[in-house]
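Spelled out from the first residue to the last, the chains are:
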Amino acid sequence: MKRINKITEEEMILEFLKGEFNSNRFNEDLRNALIKLNLNSNIISNGDLTNKKENLERLKIMKEYRGYPDEELFENFPTIYEWDYVKLSKEDIDKIYYIDYDYWNELSNNTSKPLEAAKTIKEGREIFKVSNQPFIDGIKNIDSFPPIILITCNDEKYLIIEGHSRMTVYGLNPDKLEGTYAYIGYCTEEEMKKYDIRMLKDESLKSRKY
């Protein structure tokens, strides 16, 4: 992993919305949020980070659509003190984890790792009767995937915030992760333990009571 430069929270929000806007799974919900807020999709597809009004409107979209920064998906979300833009290597895939959610837990054999999820898919097992075909179909588009969004408190374990499906496709072809890009948010261990205790170092888990 190589750090390229620091980014702002506003850039992360824009990239989060771009990733979800291009998702067959989430596109409809995101469009509904835009309609409710009387906003045009151009604010996502051609977002201008220098436009303060746009940045505030995208923050409203994130609140309506995903509960950012403190509800729904982002309930107990850690305070991020820095966002970075990084280039990934294929070895990084073993440090990247799914969020703690039933579907991703089952798909990855309770490891939360994309490589394990890929084994389940290759075995032909479907979790909760959800088709694996979108992951298989995704391989043909893998070279045009947008960056994923991660958070960490220790640079050892990285939690996916946006891009679970894309990371699963990378699990099927990990060499393709080499040279791709990601956005990473950094928080303290104290902040992370409120959101996902699994992302702490194993030594911390043994020495602390929660």
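Residues numbered from 1 in each chain as written. Predicted model: local features only at pLDDT ≥ 70, side-chain atom pairs only at ≥ 80, totals over all residues. Heavy atoms only, no water.

With respect to the overall build of the chain
Argument step 1. A count of helical and extended segments in the chain gives 10 helices and six strands.
Argument step 2. Taking 210 residues into account, the globule formula puts the C-alpha radius of gyration at 17 Å, and the chain, at 17 Å, falls close to it.
Argument step 3. Residue burial in the chain is summarised as follows: out of 210 residues, 48% are buried.
Argument step 4. Taking the intrachain contacts of the chain between residues at least 6 apart in sequence as the baseline, contacts between residues at least 24 apart amount to 68%.
Argument step 5. Accessible surface for the chain amounts to roughly 11300 Å². Of this, 46% is attributable to carbon and sulfur atoms. (Helix = DSSP H or I, 4+ residues; strand = E, 2+ residues; numbered from the N terminus. Rg over C-alpha atoms; globule rule 2.2 N^0.38 Å. Buried < 20%, exposed > 50% of the residue type's maximum accessible area, 1.4 Å probe, protein only. Contact = heavy atoms within 4.5 Å. Areas by Shrake-Rupley, 256 points an atom, 1.4 Å probe, with all protein chains shown as cover.)

Describing the pairing of strand S4 (residues 148-152)
The side chains of a regular strand alternate, residue by residue, between the two faces of the sheet.
Argument step 1. Of all five residues in S4, five are buried; the element is thus mostly enclosed.
Argument step 2. Neither face of S4 is left uncovered, since the one carrying Ile148, Leu150 and Thr152 and the one carrying Ile149 and Ile151 both have all their residues buried.
Argument step 3. Of the pairings in the sheet, the one linking S4 to strand S6 (residues 181-186) comprises five bridges and is parallel in character. The partner of Ile151 across the bridge, within S6, is Gly185.
Argument step 4. Pairing analysis gives three bridges linking S4 to strand S5 (residues 158-162), with the strands arranged antiparallel. Bridging from a neighbouring strand, Ile149 pairs with Glu162 of S5.
Argument step 5. Count of turn residues in the S4/S5 antiparallel hairpin: five residues, of which Asp155 carries a positive phi of about 60 degrees. (Pairing = 2+ DSSP bridges.)

Things to note about the pattern of salt bridges
Argument step 1. Taken as a whole and judged by the stated rule, the model has 20 salt bridges.
Argument step 2. Of the charged contacts in the structure, one is a salt bridge between Glu71 and Lys63, with a shortest N-O distance of 3.5 Å.
Argument step 3. Residue Glu191 is joined to Lys194 by a salt bridge in which the shortest nitrogen-to-oxygen separation is 3.1 Å. Taken together, the positions of Glu191 and Lys194, both in helix H9 (residues 189-195) and three residues apart, correspond to about one turn of that helix.
Argument step 4. Within the structure, one salt-bridge network assembled from shared partners comprises Arg3, Asp84 and Asp155. (Salt bridge = Lys/Arg side-chain N within 4 Å of Asp/Glu carboxyl O.)

A closer look at the confidence of the model for the chain
Argument step 1. For the chain, the mean per-residue pLDDT works out to 94, and 96% of the residues sit at or above 70.
Argument step 2. Residue range residues 206-210 is modelled with pLDDT below 50. Its contacts to residues more than four positions away, or to other chains, number eight contacts. (pLDDT = per-residue confidence, 0-100.)

Side note on the environment of Asp29
Argument step 1. On the secondary structure map, Asp29 appears in helix H2 (residues 27-36).
Argument step 2. Sequence separation of Asp29 and Leu88 is 59 residues, and the distance between their C-alpha atoms is 30 Å.

Describing the sheet that holds S4
Argument step 1. Sheet architecture is open: six strands sit in the order S1-S2-S6-S4-S5-S3, paired in mixed fashion. This sheet does not close on itself; its edge strands, each paired only once, are strand S1 (2-7) and strand S3 (96-97).
Argument step 2. By the bridge criterion, five bridges tie S1 to strand S2 (residues 82-87) in an arrangement that is antiparallel. Opposite Lys6, over in S2, you have Asp84 as the bridge partner.
Argument step 3. Where helix H1 (residues 9-21) meets the sheet, its contacts fall on S1, S2, S4, S5 and S6, and the angle it forms with S5 comes to roughly 65 degrees. (Axes fitted to C-alpha atoms, helices over the stretch in contact; angles between N-to-C directions.)

A closer look at the packing of aromatic side chains
Argument step 1. One pass over the full model with this rule turns up 11 aromatic pairs.
Argument step 2. Measuring from ring centre to ring centre gives 5.2 Å for Tyr85 and Tyr181, while their planes differ by 15 degrees; the resulting arrangement is stacked. Of this pair, Tyr85 sits in strand S2 while Tyr181 sits in strand S6, and the two are 96 residues apart along the sequence.
Argument step 3. The class of Tyr181 is partly exposed, set by a relative accessible area of 31%.
Argument step 4. Summarising the aromatic geometry, the rings of Tyr98 and Trp104 are spaced 4.7 Å apart at their centres and angled 25 degrees between planes, so their arrangement reads as stacked.
Argument step 5. Chaining the aromatic ring pairs together yields one cluster made of Phe16, Tyr68, Phe74, Phe77 and Tyr195. (Phe/Tyr/Trp six-rings, centres within 6.5 Å; stacked < 30°, edge-to-face > 60°.)

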